[in-house]
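If you want the building blocks of each chain, they are given just below.
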Amino acid sequence: MGAGVVGAGTLVANVFGYALFLVLNRELGADELGAVASLLNLVVIAGVAALSTQLVSAWRVALHRPDAHATALRTGAVVGLVVTGAVLVLTPVVTPLLHLDGPLPVLLVAASMVPTCVTSAVQGTLQGGERFVALGTLYAVVSILRTAGGAVAAWLGWGVTGVMALTALAAWVVAAGAVVLVRGHLRRSLDPAVPTQVRRVLAGMAGTSALLVASTIDTPVARHVLPGEDSGAYAVLSLFAKAAFWGPAFLVTVLYAGMSRARGARPLLLALAGTGAIVAVGVTFSAVLSGPLVRIVGGVGYEHLAGLVPVFTALGGAWALSQVLVFWGAARGRHLVGYLVWSAVGLATVAVVGWRNATVGEVATTFLTASVVVAVVGTLASLPRRATAERPDVSPVTSA
């Protein structure tokens, strides 16, 4: 039942996430669409600490560590403030890189960091406590409110800044609602004597949050290197990559608590097999129906790019397989695959910025190559030599 509930919540979240881009595609011009898509992906990239916060929180709750819930809430708030400061410092650099008219949209990204990290902390406690109904519901609500905010701003003609303002407001509303789910631990979390796990979260970001960067960095990079119209087209096609990446995510989410306690490789094999099957179906489906799909998502103006739909689907699917490997390593205190992700994405980004940037397809296939290499090499490195290898009794973010 747990997988079904989380899967349903993830499905609803994905549907509303894609609906937001459908609205934006029809209400914004190609250049504005490219800017908004890049900024929304920047929210994810800047919030890489949020996933690390979620996994640390889930691990502590699953293993019944003292004050696990209160520590999660304090950690989410403090980490959010740290990331907010980092975004503020980088705002003068990011603004011209994304060809924005001013810094306000990036400052609004910074404003969403604290609520994003607090919400992730709550999600971690729900995940570790195997409260899957609440977790699946929260996944859905996050996406619904975010979509509502962005869509309303687009319909009202508020442009890039308006979309980012209302999505930031939605993040705060969601965080307030999420805290209600763990309200019994709220007072304890305000006690200065309750420790935080900030150091562990920050140490684990390189491994556990690599996939958030990998699955989103291509759109801002495309925004930087491609003309406005092409960057808008890339933003539309990237929806297929996001669908393939997030679609199977419920499997590893449900299995993560078991991964934290497992002595054998069964949870890894189950997650890889299930994710691989979903990805294979998705790529086949997108190849057969690429024309109708691109018309639904982007309209007839993007029909000439239908041949790239399976490329983007495969890109997201390869990162989905890599996500299983990253979670497996995080649950066992090993981050080799995470570092591999960072290396591959870094090389792909250098290649795209340097020379592989003539077309949308050239950018996409470069990142696709990186994702496939990570999935293959990561699988070979992650499969244990002995299926009965014992789980190390370490934090999921303190060993490399």
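Residues numbered from 1 in each chain as written. Predicted model: local features only at pLDDT ≥ 70, side-chain atom pairs only at ≥ 80, totals over all residues. Heavy atoms only, no water.

Peer 1: Is there a simple way to explain the pattern of salt bridges in this structure?
Peer 2: A side chain with one charge may pair with a side chain of the opposite charge, provided their charged atoms come close. Counting across every chain of the model gives two salt bridges. Across the pair Asp67 and Arg188 runs a salt bridge, and its minimum N-O distance is 2.8 Å. With Asp67 in the loop between helix 3 (48–62) and helix 4 (68–97) and Arg188 in helix 9 (residues 186–189), the pair connects residues that are 121 residues apart, well separated along the chain. Here Asp191 and Arg188 are joined by a salt bridge, their closest N and O atoms 2.8 Å apart. Overall, Arg188 belongs to the partly exposed group, its relative accessible area being 35%. Put simply, Asp67, Arg188 and Asp191 are held in one network by salt bridges that share partners. (Salt bridge = Lys/Arg side-chain N within 4 Å of Asp/Glu carboxyl O. Helix = DSSP H or I, 4+ residues; strand = E, 2+ residues; numbered from the N terminus. Buried < 20%, exposed > 50% of the residue type's maximum accessible area, 1.4 Å probe, protein only.)

Peer 1: I tried to follow unusual backbone geometry on my own but got confused; where do I start?
Peer 2: As a rule of thumb, non-glycine residues mostly have phi less than zero, and peptide bonds are mostly trans rather than cis. The phi dihedral of His99 is positive, around 55°, even though this residue is not glycine. Position of His99 among the secondary structure elements: in the loop between helix 4 and helix 5 (104–111). A positive phi angle, close to 55°, is found at Glu130, a residue other than glycine. Checked against the element boundaries, Glu130 lands in the loop between helix 6 (113–128) and helix 7 (132–155).

Peer 1: Quick question: what am I supposed to make of the side chain of Arg60 here?
Peer 2: With respect to the secondary-structure elements, Arg60 resides in helix 3. For the buried Arg60, no salt bridge is present, and the opposite-charge side chain at shortest range is Asp67, 7.2 Å distant. Apart from residues no more than four positions distant in its own chain, Arg60 is found in contact with Arg65, Pro66, Ala68, Thr71, Gln197 and Arg200. (Lys, Arg positive; Asp, Glu negative; His and termini not counted. Contact = heavy atoms within 4.5 Å.)

Peer 1: Is there a simple way to think about the environment of Gly76 in this case?
Peer 2: The topology assignment puts Gly76 in helix 4. With a relative accessible area of 0%, Gly76 lands in the buried category. Placed 43 residues apart in sequence, Gly76 and Thr119 show a C-alpha to C-alpha distance of 7.7 Å. Contact partners of Gly76, with chain neighbours within four places excluded, come to Thr53, Cys117, Val118 and Ala121.

Peer 1: Looking at this structure, I do not really get a nonpolar patch on the surface. What am I missing?
Peer 2: Residues Leu11, Val12, Val15, Phe16 and Ile144 make up a contiguous nonpolar surface patch of about 380 Å² in total accessible area. For the nonpolar patch, the leading source of residues is helix 1 (residues 2–27), giving four residues. Positionally, Val15 belongs in helix 1. (Patch = residues over 30% accessible without salt bridge, like charges linked within 9 Å, V, L, I, M, F, W, Y side chains within 5 Å. Areas by Shrake-Rupley, 256 points an atom, 1.4 Å probe, with all protein chains shown as cover.)

Peer 1: Looking at this structure, I do not really get the packing of aromatic side chains. What am I missing?
Peer 2: A ring pair, where both rings are aromatic, is described by two values, the distance of the centres and the angle of the planes. Going through the model one piece at a time under the given rule, you end up with two aromatic pairs. Ring geometry for Phe245 and Trp246: centres 4.8 Å apart, planes at 75°, overall edge-to-face. For Phe245, a relative accessible area of 2% gives the class buried. (Phe/Tyr/Trp six-rings, centres within 6.5 Å; stacked < 30°, edge-to-face > 60°.)

Peer 1: What is the right way to read the confidence of the model for the protein chain from this model?
Peer 2: It should be kept in mind that the predicted coordinates are not to be read in detail where pLDDT is low. With 92% of its residues at a pLDDT of 70 or more, the protein chain shows a mean pLDDT of 84. For the protein chain, the element scoring lowest by mean pLDDT is helix 14 (residues 249–261), at 73; helix 5 scores highest, at 94. Confidence over residues 387–400 falls short of pLDDT 50; this stretch has 50 contacts with residues more than four positions distant or in other chains. (pLDDT = per-residue confidence, 0-100.)

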